[in-house]
Structure formats: structure tokens, C-alpha cells
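A closer look at the structure
Take a look at the letters that make up each chain.
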Amino acid sequence: MPISCSTLDPSAVPPLTLAVVAVGAFIALALLVAVRARRRQARTRGAAGARPVGAPAEQAASSYERLRQGLAKTRNAVFAALSDVLARRTLDSGAFESLEEGLIRADVGVATTTRLLTAVRSHTGQETVRDRLATELRRLLETQHARDEPASRPHVIMVVGVNGVGKTTSIGKLAARQAAAGRSVLLVAADTFRAAAGEQLGVWAERGGVDLVRQTHGSDPAAVVFDGVRAAVARNRDVVIVDTAGRLHTKSNLMEELKKIRRVIAREVAGAPHEVLLVLDATTGQNGLAQARAFVEALQVTGVILTKLDGTAKGGIAIAVAGELGLPVQYVGVGERLDDLREFDPGEFVDALLGKDVLDTRHP
């Protein structure tokens, strides 16, 4: 007959049994507490996102290796299959077509691909196709690439681009870079159209330890910029980075709003904005060029931030931006961490894209 717990006399249970039960309960409670603590730590790490600049794991990875990892999808999907063609010293019609197809598939664009292959064919030396192509790519990407250190104070950077390309995130990472270089930074939240934009920029400002000027949702963006630039001058800040709205680039009212912001900046600081950076999503490929053309025509864009390069096999868009728009790529985003916005280096980009180390191993 089963014993009911309600009728069980504790005094009838041996002391040793009670001790075992107590120890077991204590161990179970300790394990439960440990599991919950681990879950809280995991949530905290997930919410924090990027590791801070200078963490040991990041120090171990070189700038080139991080870029190489970011371009892995493009390199593996396109150029790894062309390793035999790239190792040749001459191009027959079949090899030429394969290389042409690969460049277009990487979103280099038809016009820029034609220009590159014409130059590659004109070489008469004994270099491999890879070396000849690398030479032409570097020459193209280095056009207008040199950047001067900020000379004026405050140095005003206006950042533009459509919604969803990673504009606000790039601004946060750019602010962190400037602060790490020892410059005092002020962010201006002039995207008052998108409700969460100011809050998102506020999070980045806090993470980077920089100032932020913003107003309520729906405020006049030009008025926010006016206050922000005035505040930067009064506080003697080195760098001002202005976030702007990113509604569809085909909307003329957005472009007029951005032109107005530019005029306000120019009126408050002589020669400003000193940089107008256009943020493009690398995963959009050639569609990004249509965005770029609209902004370039309206705002005198000086350079490009190319985001999400690690998430696409269309890394050749960086080449198309330089080849078809004549714009230098200034920064590339190759990950989610705080320092994954890398200053663009044409030589490193070409080597990482074409997979020099892999090719040289296969074809000594």
C-alpha cells in the first residue's frame, strides 16, 4: 500500500536519508542559480553587441585578416573558381570570357569590367593575369583616395544615405574611431523623421563617450543642425558628425532638405561640411549605384562608406563606385563589432579580394 506524504512521520525517516536529501536539494539549487547566471551573462553580452576596441581577441587579428574574412564570400564565390585563369600569363578567348563573367558576377559592373580587362590585355610583360588585374584595380581604387587629417576646427562630416543601409551604426563607429584618435566629438541627430533614430544615435554616443545634440521627433532637421554646430563651436569640439534622414532617394523633398542642412552648416562654419560621406549597403550591389548618383548630383559627395561587406558576394561594388562614379571608398564595414568599420586600403582590399596568398600557394 503506497505511503501518503501527508501521513509520513518525519521522525520515521533515518537521519542519514534526511542529510542526503538536504545535500541533493542544495546542489540542485546551486545548479539552478548557476544556469540563470549564465543566461543573464549571455543576454548582457548579446545586448552589448560589439566588444570594446582593444579586446585581446581583436588585438590578435590583423587589419588585413579582418578584411580578408569580410571579403570571404566574394572571394570564394567568384575568384576562387578563377584561380587557374588568374595564374595564367596570357588570356585566350575562353579565359577572357570567364574573367569577364566573374567580375560582372562580383558586381564590378559592365563598364568598369570592360575598362579593366582592356587594360589587362594591353600588358605585354610576363606578369600573371592576377598581378596585372591587381595593378589595374589598385590604380582605379587609389584615385582621389588620399585623405588629409582634419585641419579646421570643428571638422564637420555630413553623413547621408537611404534608410536601412547602416547609416546610424556607421556614424556611431566613426565617432568611436575619432574619439580613439584623441579627438573630441559631437554627434548631431538630424534624422528627426525616423522615430527611433535619435534614440539609436544616443546609444552610440554613450558607448563612444561623445556628446550628442538632438531634439524631439518631428523637429526641423536644419534647426537641429544649427543648434548642434553652434554647440560644437561653443564647446570647442574637434569633430562634428551629422546624421540625416534617409527616406527614398527618389523623393525630391528629401534632397531639398539635405541641401538646406548643407547650407546651414556652411553658414555656421567656413568651408564646411568638410566631408559628405554617402553610406551604401554592399549587399544591394548595382542598385547602390543608383542611390549614389542621386546623392552625388545633389550634395557634392566626397566619399563612400561601404557597409555589410562581410554579408555579400558582391564585394566588387567598391570597384564600381570608384570606376563609374569617381568616388573614393573611405571606410568599409566588415562586421558587427565596434571597430569593424575599417579605413579603406586599396592594396589590402585587392589582395583580400583576389586571394593572393591562396593563389601563390597553388601556383608558385
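In what follows, the accompanying structure is described. (Residues numbered from 1 in each chain as written. Predicted model: local features only at pLDDT ≥ 70, side-chain atom pairs only at ≥ 80, totals over all residues. Heavy atoms only, no water.)

Thoughts on the sheet that holds strand 5 (residues 275-281)
The pairing of strands in a sheet comes from backbone hydrogen bonds and takes either a parallel or an antiparallel form. Filter applied, for reference: A pair of strands counts as paired when DSSP detects no fewer than two bridges linking them. Runs of H or I in DSSP of at least four residues are treated as helices and runs of E of at least two as strands, each being numbered from the N terminus. Each axis is a line fitted through C-alpha atoms, and for a helix only the stretch in contact is used; angles between axes span 0 to 180 degrees, taken between their N-to-C directions.
Strand order in this open sheet of 8 strands is 3-2-4-1-5-6-7-8, and the pairing throughout is mixed. Bordering the open sheet on either side are strand 3 (211-213) and strand 8 (341-343), each of which pairs with just one other strand. Ignoring which end each strand starts from, the neighbouring axes of this sheet average 25 degrees apart. As defined by bridge partners, strand 2 (residues 185-189) adjoins strand 3 across 3 bridges and the pair is classed as parallel.

Re the pairing of strand 1 (residues 155-160)
Where we set the bar: We call a residue buried when its accessible area falls under 20% of the maximum for its residue type, exposed when it is over 50%, and partly exposed in between, using a 1.4 Å probe and counting protein chains only.
Counting buried positions along strand 1 yields 6 of 6 residues, so the element is predominantly enclosed. Inspection of the sheet shows strand 1 paired to strand 4 (residues 239-243) by 5 bridges, in the parallel sense. Paired with Val 159 across the two strands is Asp 243, which belongs to strand 4. Judged from the 4 bridges that link them, strand 1 and strand 5 form a sheet pairing that is parallel. Looking at strand 5, one finds that Met 158 is bridged to Val 276.

Structural notes on the nonpolar core
Cut-off, in case you're wondering: As used in this record, nonpolar core signifies buried Ala, Val, Leu, Ile, Met, Phe, Trp, Tyr and Cys residues forming a set joined through side-chain atoms within 4.5 Å. Any two residues having at least one pair of non-hydrogen atoms within 4.5 Å are treated as being in contact.
Counting residues in hydrophobic clusters, the biggest one holds 96 residues, and the most contacted among them are Leu 99, Ile 241 and Phe 349. With 7 residues, the top contributor of residues to this core is helix 14 (residues 317-325). Residues in contact with Phe 349, not counting those within four places in the same chain, are Leu 67, Leu 71, Leu 141, Leu 309, Gly 315, Ala 318, Ile 319 and Phe 344.

A closer look at the packing of aromatic side chains
Heads up, the rule is: Two rings from Phe, Tyr or Trp (for Trp, the six-membered ring) form a pair when their centres sit within 6.5 Å of each other. Planes less than 30 degrees apart are called stacked, planes more than 60 degrees apart edge-to-face, and all others tilted.
Tallied over the entire structure, the rule returns 1 aromatic pair. Between Phe 344 and Phe 349, the ring centres sit 5.1 Å apart and the planes meet at 55 degrees, which makes this aromatic pair tilted. The exposure classification of Phe 344 matches that of Phe 349, with both residues buried.

Remarks on helix 4 (residues 72-79)
Note that an α-helix has 3.6 residues per turn; residues three or four places apart therefore point the same way. Three or more residues of helix 4 are buried, namely Ala 72, Thr 74, Arg 75, Val 78 and Phe 79. At its buried positions, helix 4 is contacted by helix 3 (63-70), helix 5 (83-86), helix 6 (93-105) and helix 15 (346-354).

Examining the side chain of Ser 219
As for its placement among the helices and strands, Ser 219 is situated in the loop between strand 3 and helix 11 (221-234). If near-sequence neighbours (up to four positions away) are discounted, Ser 219 is found in contact with Thr 192 and Val 224.

Some points on unusual backbone geometry
Ala 272 connects to Pro 273 through a cis peptide bond whose omega is -5 degrees. The residue Pro 273 is located in the loop between helix 12 (252-268) and strand 5 in this model. Even without being a glycine, Asp 107 presents a positive backbone phi close to 70 degrees. Looking at the secondary structure, you find Asp 107 in the loop between helix 6 and helix 7 (110-122). Look at Asp 107 and you get buried, because its relative accessible area is 11%.

Brief notes about the packing of helix 9 (residues 167-180) against helix 10 (residues 197-208)
This is how the line gets drawn: An angle below 35 degrees is read as roughly parallel, one above 145 as roughly antiparallel, one from 65 to 115 as roughly perpendicular, and any other as oblique. By definition, any crossing whose near helix is turned counterclockwise from its far helix by less than a right angle is left-handed, and any crossing with a clockwise turn is right-handed.
At a minimum axis separation of 9 Å, helix 9 and helix 10 run at an interaxial angle of 20 degrees. Judged by the angle between their axes, helix 9 and helix 10 are roughly parallel. The chirality of how helix 9 crosses helix 10 is right-handed. Residues Thr 168, Thr 169, Ile 171, Gly 172, Lys 173 and Ala 179 of helix 9 form the contact with helix 10, whose own contacting residues are Ala 197, Gln 200, Leu 201, Trp 204 and Gly 208.

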